[in-house]
Amino acid sequence: MSLNTRYSANFDWTSAPLALIDLGNNIQNSNNTQYNGQINMTTLYNKVPYFKKILASNKRKQKGRNRVSRTSNITENEEEKKKDRFIIIKHAAKFILGVKNISVNLTQNKGTFIPGFLPEANFFGQNWAELSPGIPFALGSQREFITSAGQKGWITQNENINTLYKRTNSNNLVLRSTVEPFNKFRIELTANRNNSNNQQEYYRWSPDDNMFASFSEMRQGQYSISFISWGTAFSKDNENSESSVFQKFRNYRNDIARRIAPQNPNYSGQIDSTGFPEGYGSTSPDVIIPAFLAAYSGSDPLRSSLKSMPSIPLPNWRINYDGLMQIKFIKKKFQTFSLGHAYRSNYTVGSFVSSLEFEDNGTGWSSTINSNTGNYFSQYEIGQVTINEQFSPLIKLDMTWKNSLITKLEIKKNRTLNLSLSNNQLTEIKGSEYIIGTGYRVKDLEFRFRSGGRGKKITSDLDLKLDLNVRNNETVIRKIVENDEQTTMGQQTISIKFSADYVVNSRLNLKMFYDKVITNPFITTTYPGAITNAGFSLRFTLSG
């Protein structure tokens, strides 16, 4: 087990222009903190004698293990049951002990920018007579500082200052683990969360109140977290581009609204004419986003999270398996034979800004209903949220034959779901890709030609490659309020690529190629097309 921590800080002092000295100087600090932790689980397992024995080689057997007592059939059966029970426990333990390592990486960046700072800077950025702004601030401290600075007279009282006081905060968390439940079967798990939350306001002197006050306070940021939307990844639309998952999403809005409304102490308890709780209608962002996440993750809307920004990152994975080489038939025909699969899904809040109309009366819940929408004001205004899902690949088969023929079969899928809160519209982009690739090396291919009246011979390897790629893309716009779904874009692209490479010598390379791309649109407003590119290239390298 190991843990490494790194801290760095920065401090800047910028003088005000001489003509505007009354507006004060600008000071800024920042810090960066990194935590890197790692646990080697194999070392930990070996501390326990029983686990160490399980992880050791299984080839050794105890003497007399296969001897069977002939005293009675009852004794034989009991021994067989005990042995089977031990084997089951042993394999279960090996599966559990498949976690090989765990790593945690956390990076935090914080900063503060203060305008209108009056004291001058000397050594180490300090005004030693007043000890301002202080050693902690110069070393990157992010404790609330501007209030005490104003009370000490370090902030200008000039009302013409129009520079924002800012505080920044960003966090990046990455979790990784490697799991080998059995030999040659490797799973790499990854979970991550990335968020930034920045605060800005005008901090000025208020003559009416005879004190400093904050004006136009605003928070803004971005959010991204690893997600699992596997449950709906393979759902298909009907011939009219209608999606059953989208209909669930629309229906889940009422379930979510009825769960969230009673939690708001300001809720009147009334149900409106559409069947939704008053203040949490069908277009409320506080309702739509949780319903969207529940529907497309395949979760139960009566148990799913009500948060627009989930806090726990879910693991994505990559799987590789080479154990099929242990099968005699495969071992006889192939040099290598491996299977692969990878899944990645990410949920992103593109940007969020604090709502100026949001008021909670100290309860943490909105107390004011927007007269235009009939919904409670949300704490943050969110324009768009996105789920980006990729099977890259869904399945991949890599084979190298005994005769040096290389074969690759691969299937990929991807899906992007853009939910726009400004027009209550979901844009779904779906893609699938099928790849067949092969390659072969003709060794020591010989060419003879005459040069200067004499015959010459060239011997080198000829590399042949052939790839066939079929990709389908489709874009469907789904309108939430109107309950309308329509395909707006889409096409099938077929790509054929062939190449032959021959290395004449260390300086000269000859290549012949043939590429063809065929496009077949899914909508009638676009025409099919094809592009063919063929020829040869001669590459000569000049050595220095």
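What counts and how
- Residues numbered from 1 in each chain as written.
- Predicted model: local features only at pLDDT ≥ 70, side-chain atom pairs only at ≥ 80, totals over all residues.
- Heavy atoms only, no water.
- Helix = DSSP H or I, 4+ residues; strand = E, 2+ residues; numbered from the N terminus.
- Rg over C-alpha atoms; globule rule 2.2 N^0.38 Å.
- Buried < 20%, exposed > 50% of the residue type's maximum accessible area, 1.4 Å probe, protein only.
- Contact = heavy atoms within 4.5 Å.
- Areas by Shrake-Rupley, 256 points an atom, 1.4 Å probe, with all protein chains shown as cover.
- Lys, Arg positive; Asp, Glu negative; His and termini not counted.
- Charge placed at Lys NZ, Arg CZ, Asp CG, Glu CD.
- Phe/Tyr/Trp six-rings, centres within 6.5 Å; stacked < 30°, edge-to-face > 60°.
- Lys NZ or Arg CZ within 6 Å of the ring centre and 35° of its normal.
- Salt bridge = Lys/Arg side-chain N within 4 Å of Asp/Glu carboxyl O.
- Patch = residues over 30% accessible without salt bridge, like charges linked within 9 Å, V, L, I, M, F, W, Y side chains within 5 Å.
- Axes fitted to C-alpha atoms, helices over the stretch in contact; angles between N-to-C directions.
- Parallel < 35°, antiparallel > 145°, perpendicular 65-115°, else oblique.
- Left-handed = near helix turned anticlockwise from the far one by under 90°.
- Expected span 1.5 Å × (residues − 1).
- Bend = angle between axes of the 7 residues up to and from the residue.
- Polar contact = N/O pair within 3.5 Å; in protein donor to acceptor, adjacent residues only side chain to side chain.
- Pairing = 2+ DSSP bridges.

Participant: Residue-level account of the overall build of the protein chain, with values.
Facilitator: Looking only at helices and strands, the protein chain has eight helices and 16 strands in total. Here the C-alpha radius of gyration of the protein chain, 33 Å, is well above what a compact globule of 544 residues would show, namely 24 Å. Classification of the 544 residues of the protein chain by burial places 36% in the buried group. When contacts within the protein chain are restricted to residue pairs at least 6 apart in sequence, those whose partners lie at least 24 apart make up 67%. With an accessible surface of roughly 32,600 Å², the protein chain has 52% of that area assigned to carbon and sulfur atoms. Across the protein chain, the centroid of the 66 positively charged side chains sits 18 Å from that of the 46 negatively charged ones.

Participant: Tell me what's going on with unusual backbone geometry, and back it up with residues and numbers.
Facilitator: Note: most residues except glycine have negative phi, and most peptide bonds are trans. Of the consecutive residues S132 and P133, the connecting peptide bond is found in the cis state with omega at 0°. Of note, P133 is situated in the loop between strand 3 (99–117) and helix 4 (135–138). At the junction of S392 and P393, the peptide bond is cis and its omega measures out at 5° in the coordinates. Here P393 lies in strand 10 (residues 384–401). At N210, a residue that is not glycine, the phi angle is positive and equals roughly 55°. Along the polypeptide, N210 turns up in the loop between strand 5 (185–206) and strand 6 (211–226). On the basis of relative accessible area, N210 is assigned to the exposed category, the value being 59%. Despite not being glycine, D444 shows a phi value in the positive range, around 55°. With respect to the helices and strands, the residue D444 is situated in strand 12 (residues 425–451).

Participant: Break down the packing of aromatic side chains for me, citing the residues and quoting the values.
Facilitator: Within the structure shown, the criterion is met by 27 aromatic pairs. Relative to F391, the ring of F234 has its centre 5.3 Å away and its plane inclined at 45°; by these criteria the two rings are tilted. Placement of the pair is F234 in the loop between strand 6 and helix 6 (244–260) and F391 in strand 10, with a sequence separation of 157 residues. For the pair F352 and Y380, a centre-to-centre distance of 5.0 Å together with 70° between the ring planes defines the contact as edge-to-face. Of the two residues, F352 is situated in strand 8 (residues 334–354) and Y380 in strand 9 (residues 380–382); the sequence distance between them amounts to 28 residues. Ring-pair connections join several aromatic residues into one group, and the members of that group are F11, F117, F137, F145 and W154. One residue, R204, lies across the ring of Y202, its end atom 4.7 Å from the ring centre.

Participant: An account of the pattern of salt bridges is needed here, citing residue identities and associated values.
Facilitator: In the structure shown here, the tally under the stated rule is 11 salt bridges. The partner of K396 in a salt bridge is D398, with the nearest N and O atoms 3.7 Å apart. For K396, a relative accessible area of 26% corresponds to the partly exposed category. One salt-bridge network, held together by shared partners, links D237, E428, K430, R478 and E485.

Participant: Please provide a residue-by-residue account of a nonpolar patch on the surface, values included.
Facilitator: Taken together, the side chains of F123, F124, W128, L131, I135 and L139 define a hydrophobic patch exposed on the protein surface, amounting to about 610 Å² of accessible area. When you line up the elements, F124 lands in the loop between strand 3 and helix 4. Since its relative accessible area comes to 39%, F124 is described here as partly exposed.

Participant: Please provide a residue-by-residue account of the side chain of T232, values included.
Facilitator: Take T232: it is sitting in the loop between strand 6 and helix 6. What makes T232 buried here is its relative accessible area of 7%. Non-local contacts of T232, meaning those with residues more than four positions away in its chain, are made with V245, A295, Y296, G298 and R415.

Participant: Tell me about the packing of helix 6 against helix 7 (residues 285–297), residues and numbers included.
Facilitator: Closest axis-to-axis distance for the helix 6/helix 7 pair is 8 Å, and the angle between their directions is 130°. The angle between helix 6 and helix 7 places the two elements in the oblique class. Between helix 6 and helix 7 the crossing geometry is right-handed. Of the residues in helix 7, those in contact with V245, F246, K248, F249, Y252, R253, I256, A257 and I260 of helix 6 are D286, V287, I288, P290, A291, F292, A294, A295 and Y296.

Participant: Tell me about helix 6, and name the residues and values.
Facilitator: Its 17 residues give helix 6 an end-to-end C-alpha distance of 24 Å, which sits within 8% of 24 Å, the value for a rise of 1.5 Å per residue. For helix 6, the principal kink sits at N251 and spans about 30°. Every buried residue belonging to helix 6 is among V245, F246, F249, R250, Y252, R253, N254, I256, A257 and I260, and all of these are buried. Capping the start of helix 6, S243 holds a side-chain oxygen 3.2 Å from the backbone nitrogen of V245, two or three residues further along.

Participant: Residue-level account of the pairing of strand 8, with values.
Facilitator: Where strand 6 and strand 8 come together, six bridges link them in antiparallel fashion. Paired with Y223 across the bridge in strand 8 is V349. Pairing of strand 7 (residues 316–321) with strand 8 involves five bridges; the strand directions are antiparallel. In the strand pairing of strand 8, Y321 is matched with L339. As paired elements, strand 8 and strand 9 share three bridges and run antiparallel to each other. The partner of F352 across the bridge, within strand 9, is I382.

Participant: I'd like a description of the environment of G231, backed by residues and values.
Facilitator: For G231, the location among the structural elements is in the loop between strand 6 and helix 6. The class of G231 is exposed, set by a relative accessible area of 59%. Separated by 68 residues in sequence, G231 and S299 place their C-alpha atoms 8.2 Å apart.

Treat this as a map of the structure, not an account of what it does.
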